[in-house]
Amino acid sequence: MSKRNKPSAPYHHFTKTQWSALRADEPMTLTREDIKRLRTLSDPISLEEAEEIYLPLTRLLSFYVEAVQGLHNVSTRFLDTPDQKVPFIIGVAGSVAVGKSTTARILRALLQRWKSSPKVDLVTTDGFLHPNAVLKERGLMERKGFPESYDRSRFVSFLSDIKSGKAHVAVPVYSHLVYDVVPGEEVVIDRPDILIVEGLNILQPGELPRTGKPILFASDFLDFSIYIDADEADLRDWFMERFFRLRETAFQDPTSFFHRFSQMSEAQAGALGKMVWETINLPNLLDNVLPTRGRADLILKKGQSHMIEEVRLRRV
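Bear in mind that the values here come from a model prediction, so they are computed numbers and not experimental data.

Thresholds applied
- Residues numbered from 1 in each chain as written.
- Predicted model: local features only at pLDDT ≥ 70, side-chain atom pairs only at ≥ 80, totals over all residues.
- Heavy atoms only, no water.
- Salt bridge = Lys/Arg side-chain N within 4 Å of Asp/Glu carboxyl O.
- Helix = DSSP H or I, 4+ residues; strand = E, 2+ residues; numbered from the N terminus.
- Buried < 20%, exposed > 50% of the residue type's maximum accessible area, 1.4 Å probe, protein only.
- 1 Å grid on protein atoms, 1.4 Å probe; cavity = no way out; pocket = protein on both sides within 12 Å on 5 of 7 lines; lining within 4 Å.
- Points joined across faces, edges and corners; volume = space filled by probe spheres on them.
- Nonpolar A, V, L, I, M, F, W, Y, C, P; charged D, E, K, R; others polar.
- Polar contact = N/O pair within 3.5 Å; in protein donor to acceptor, adjacent residues only side chain to side chain.
- Contact = heavy atoms within 4.5 Å.
- Pairing = 2+ DSSP bridges.
- Axes fitted to C-alpha atoms, helices over the stretch in contact; angles between N-to-C directions.

A. Quick look at the pattern of salt bridges. Per the stated rule, a full pass over the model turns up 19 salt bridges. With a closest N to O distance of 3.9 Å, Asp121 and Arg108 form a salt bridge. Of this pair, Asp121 sits in strand S3 (residues 120–124) while Arg108 sits in helix H4 (residues 100–112), and the two are 13 residues apart along the sequence. By relative accessible area, which is 13% here, Asp121 ends up buried. Where Glu241 meets Arg245, a salt bridge forms, and the shortest distance between an N and an O atom there is 3.1 Å. One end of the pair is Glu241 and the other is Arg245, both in helix H7 (residues 232–248) and four residues apart, which spans about a single turn.

B. Inspection of empty space enclosed by the protein at higher detail. This model, assessed by the stated rule, comprises one cavity of 30 Å³ or more. Contributions of two or more residues to the lining of the largest cavity are made by helix H3 (47–79) and H4. Split into classes, the residues belonging to the lining of the largest cavity amount to three nonpolar, four polar and three charged.

C. Highlighting the side chain of Thr58. If you trace the backbone, Thr58 turns up in helix H3. At 2.8 Å, the side chain of Thr58 and the backbone oxygen of Leu55 are in polar contact. Not counting residues up to four positions away in its chain, the partners in contact with Thr58 are Glu26, Leu107, Leu110, Leu111 and Trp114.

D. Structural context of the sheet that holds strand S9 (residues 308–314). Read across the sheet, seven strands follow the order S1-S9-S8-S7-S2-S6-S3 without closing on themselves; strand pairing throughout is mixed. With one partner strand each, in any of the chains shown, strand S1 (11–15) and S3 form the two edges of the open sheet. Across the sheet, the axes of successive neighbouring strands diverge by a mean angle of 20 degrees, strand direction being ignored. Relative to strand S6 (residues 194–198), S3 runs parallel, the two being bridged by five bridges. Across the sheet, residue Asp121 finds its bridge partner in S6, namely Leu195.

Below, the structure written as structure tokens:
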């Protein structure tokens, strides 16, 4: 840990080398093939990166899970209520194109392979977007991904149900191919030991009522939160790189919402991708996503190479 930290600083700061040393004897249970399968289209994460960053993180999380379980046991004894399993919820936040999905998938795979073999589920907030028909009706299609484009009350209800131990909780399914929530399709989350929730705005607190009336936010249900951070210029470059890769792959499908982009010239597509970044993703990042960074328990800062260069852990 850096000696430059001041006692009043909210975070401990670690270089990659310092953080990697905290792995201790945590075994690596994933292979190179696992990493290739789990990473997303434009994320170049390697097995070495997973060992250096995510093994120390899973070791830390094992301590957090144990501590939360202990606190729950104390509460049930005090209240003389039946003891039941309470899922541990991890939130993964950050900008579009920063690599949230890769982090969530690798984390899930590592946690599933703990000796206790916990049941680990993964949910993205995409399923809680309002359907396109609702967004069009409200004039929000150009603000998809902004806080108001989500059914926030349903998302909070979902987290509340999970945290209360409710069985068979349904989550709407979102298709990136058709760029919409799929009517009638759901996935069911059934009392996991650990739930990972990945999304843009999960750390956003929202506005407090002036009356002081208690109100719940999604972040209230998170036991541990991770923010994937990167410089704005790098995020823009990664978004454009992913956009062009999708143009050559998924967008080629005639049923894709974005199929027309694959028919454009490279210059036309590039201009469109740049416009999407500047008019939608960047304003959402600056106004809604980035301001939540300081609420995270752990911040993973990526450099231009997409590799994590610095780790910040909130002081307890």
